[in-house]
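# Coordinates in review
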Amino acid sequence: MSLASLLRPLLAFDGLVAVVVLTRDGLPVEMIGHGLRADALAAEVATAAEAARRCFESLHMGELTRLRVELEHHEVMIVNLENHYLAIVFESIENYALVFQIVDKSRAKLLAALGG
């Protein structure tokens, strides 16, 4: 199953801007959506996610699994997929728990598609 088909259920959410799968070093692997440059988004999300991951690991608080960032005009959800991250960008979202539930249900298939 392709990454795009695994991510397609996220397209049903109102306010979705983009869904990007990226490597830990910030290279885009797959993008669905519009309005943002995948290469720039991937690079910046990787920087933020890696900083958060290193921060909490150095505090011995455990591995980063998910990160949610609320911005003035957007909300970004970042999911750790071992050697990759999944970034989901919304203009607004009412039920982020449902988004995470969908991602969690497809996690094993996402990891398999990424070679994990």
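Structural notes, computed from the coordinates. (Residues numbered from 1 in each chain as written. Predicted model: local features only at pLDDT ≥ 70, side-chain atom pairs only at ≥ 80, totals over all residues. Heavy atoms only, no water.)

The strand order across the open sheet formed by five strands is S2-S1-S5-S4-S3, and the pairing between neighbours is antiparallel. Each edge of the open sheet carries a strand with a single partner, namely strand S2 (28–33) and strand S3 (66–70). For this sheet, the mean inter-axis angle between neighbouring strands, taken without regard to orientation, is 10°. Direction of pairing for strand S1 (residues 16–23) relative to S2: antiparallel, over a ladder of five bridges. Bridge pairing in S2 links Ala 18 to Gly 33. Relative to strand S4 (residues 75–81), helix H3 (residues 96–113) is tilted by about 25°, and along the sheet it contacts S3, S4 and strand S5 (84–90). (Pairing = 2+ DSSP bridges. Helix = DSSP H or I, 4+ residues; strand = E, 2+ residues; numbered from the N terminus. Axes fitted to C-alpha atoms, helices over the stretch in contact; angles between N-to-C directions. Contact = heavy atoms within 4.5 Å.)

This part takes up the packing of aromatic side chains. The final tally for this structure, using the stated rule, is two aromatic pairs. Seen from their ring centres, Phe 13 and Phe 90 are 6.2 Å apart, and the 85° between their planes marks the pair as edge-to-face. Here the residue Phe 13 occupies a position in the loop between helix H1 (3–7) and S1, and Phe 90 occupies one in strand S5, the gap between them amounting to 77 residues. Across the pair, exposure class does not vary: Phe 13 and Phe 90 are buried alike. A ring pair is formed by Tyr 96 and Phe 100, whose centres lie 6.2 Å apart and whose planes are at 85°; its orientation type is edge-to-face. Residue Tyr 96 and its partner Phe 100 are located together in helix H3, separated by four residues, close to a single helical turn. (Phe/Tyr/Trp six-rings, centres within 6.5 Å; stacked < 30°, edge-to-face > 60°. Buried < 20%, exposed > 50% of the residue type's maximum accessible area, 1.4 Å probe, protein only.)

Turning our attention to H3. With 18 residues, H3 should reach 26 Å at 1.5 Å per residue; the first-to-last C-alpha distance of 24 Å fits that figure. Within H3, the axis deviates most sharply at Arg 107, by approximately 55°. Listed as buried for H3 are Val 99, Phe 100, Val 103, Ser 106, Leu 110 and Leu 111. Looking at the buried positions of H3, the neighbouring elements they touch are H1, S3, S4 and S5. Directly beyond the C-terminal end of H3, a positive phi value near 85° is found at Gly 115. (Expected span 1.5 Å × (residues − 1). Bend = angle between axes of the 7 residues up to and from the residue.)

Attention now goes to the side chain of Thr 23. Within the fold, Thr 23 resides in strand S1. Here Asp 25 takes part through its side chain, which lies 2.4 Å from a polar atom of the side chain of Thr 23. (Polar contact = N/O pair within 3.5 Å; in protein donor to acceptor, adjacent residues only side chain to side chain.)

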